[in-house]
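# Structural overview
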Amino acid sequence: MPHPAPSHPTTRVLAMLELLQANPRMGGAELARRLGVDERTVRRYAARLDDLGVPVVAERGRYGGYRLMPGYKLPPLMLTDDEATAVVLGLLAGRRLGLPGQATESALAKVQRVLPSVLRDRVQALRDTLGFTLAARDSAAPDTGAVLTLAAAARQRRRVRMRYRSWQGAETERDLDPYGLVFHSGRWYVTGHDHRSGEIRTFRVDRVAAAEPGTARFEPPDDVDPVQHVTLSLARVPYAHEVEVLLETDLAEARRRIPATTATLAEAAGGVVMTTRAERLDGMARMLAGLGFPFVIRRPDELRDHVRELAQALQEQAGR
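Residues numbered from 1 in each chain as written. Predicted model: local features only at pLDDT ≥ 70, side-chain atom pairs only at ≥ 80, totals over all residues. Heavy atoms only, no water.

As annotated in an unreviewed UniProt entry, the chain is Putative DNA-binding transcriptional regulator YafY from Actinomadura luteofluorescens.

If you want it as structure tokens, here you go:
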């Protein structure tokens, strides 16, 4: 299918360059059809590219055509105004979500530096006036090399020798069969079979001090789901209090209100049992009140006192 004919000769010349980048060789008739011009104009465009320092080789004869000179290093990136704007917006949103800050900032600076002045001013206006309802994340930026090594190993199903630093600062050497990477709430995680413990474990990638692919291969379990494993692992992080509450609602409604990272939900007679952990029971009382479901506290008994104190405080506020 022919491309829509660009409206300006310079645009057509750049379109021809893009076609030659994407195809090792193209006939003159095909180029003319794709660009919406005649073959004589294609020859003129080839000469124009050569004048600009882009060596286009014209092959004569019945099966002749055009190709870029082998070994020529093309410009690394050419973006339209819409594409450049989309890249900047994506980087701004990614920074807000908690993607590694230094790489994001340097990429933003590079993209803006090469923008035409008019578009650069418009994009800067967008940056200056754009607001977010999502709170900024305090991200923990992992080493880019560790991220790429783990991702490649997961795709190739190759075991990795990993040096890992715990939250207390202790380093351990371990062999990991990485099943996948997960980005959640401003942090990068890798989940897989940890040969040191013999279990499927989740590790924070920003605590990976070094990662080297080995020669051993592995086959992940058929039912492996890295995202689900990470969210369940985070929900089971130990806190001061274990909490179990019966919510008088259905499972679908409970899942809409309660993230999988904060609690385990299971259907039961009379509703849904929510099992979770909490550092502060007064915060758990406020969370339960905010859900809007009738509930029955199963454990701990101390949670009942905090719910009563919250109810009394709300009653006093209502009477003011």
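Text resumes after the structure shown.
Residue P300 is bonded to the preceding R299 through a cis peptide linkage, with omega at -5°. Looking at the secondary structure, you find P300 in the loop between strand 11 (295-299) and helix 11 (302-318). Not every positive phi belongs to a glycine, and R157 is a case in point at roughly 55°. One can find R157 in the loop between helix 7 (144-156) and strand 3 (158-165). A residue is classified by how much of its surface remains accessible, and R157, at 35% relative accessible area, is partly exposed. (Helix = DSSP H or I, 4+ residues; strand = E, 2+ residues; numbered from the N terminus. Buried < 20%, exposed > 50% of the residue type's maximum accessible area, 1.4 Å probe, protein only.)

A few words on the sheet that holds strand 7 (residues 208-217). Taken in spatial order, the five strands of this open sheet run 6-5-4-3-7, and their pairing is antiparallel. The sheet is open, and its two borders are formed by strand 6 (199-204) and strand 7, each paired with just one other strand. Going across the sheet, the axis of each strand differs from the next one's by a mean of 45°, ignoring polarity. When strand 5 (residues 187-194) meets strand 6, the two strands line up antiparallel, connected through six bridges. Counterpart to D194 in the pairing with strand 6 is E199. (Pairing = 2+ DSSP bridges. Axes fitted to C-alpha atoms, helices over the stretch in contact; angles between N-to-C directions.)

Applying the stated criterion to the full structure yields 19 salt bridges. A salt bridge links R34 to E30; the shortest N-O distance between them is 3.4 Å. With R34 and E30 both in helix 2 (residues 28-35) and four residues apart, the pair spans about one turn of that helix. It is possible to trace a salt-bridge network through shared partners that takes in E242, E244, R277, R298 and R299. (Salt bridge = Lys/Arg side-chain N within 4 Å of Asp/Glu carboxyl O.)

Enumeration according to the criterion identifies three aromatic pairs in this entry. Arranged with centres 4.9 Å apart and planes meeting at 70°, the rings of Y164 and F203 form a pair that is edge-to-face. With Y164 in strand 3 and F203 in strand 6, the pair connects residues that are 39 residues apart, well separated along the chain. The two residues Y164 and F203 agree in class, both being buried. When the centroid spacing of 6.0 Å and the interplanar angle of 50° are considered together, the rings of Y179 and F218 count as tilted. With Y179 in strand 4 (residues 171-184) and F218 in the loop between strand 7 and helix 8 (226-235), this pair connects stretches of sequence that are 39 residues apart. The ring centre of F293 lies 5.8 Å from the NZ or CZ of R257, which sits over that ring. (Phe/Tyr/Trp six-rings, centres within 6.5 Å; stacked < 30°, edge-to-face > 60°. Lys NZ or Arg CZ within 6 Å of the ring centre and 35° of its normal.)

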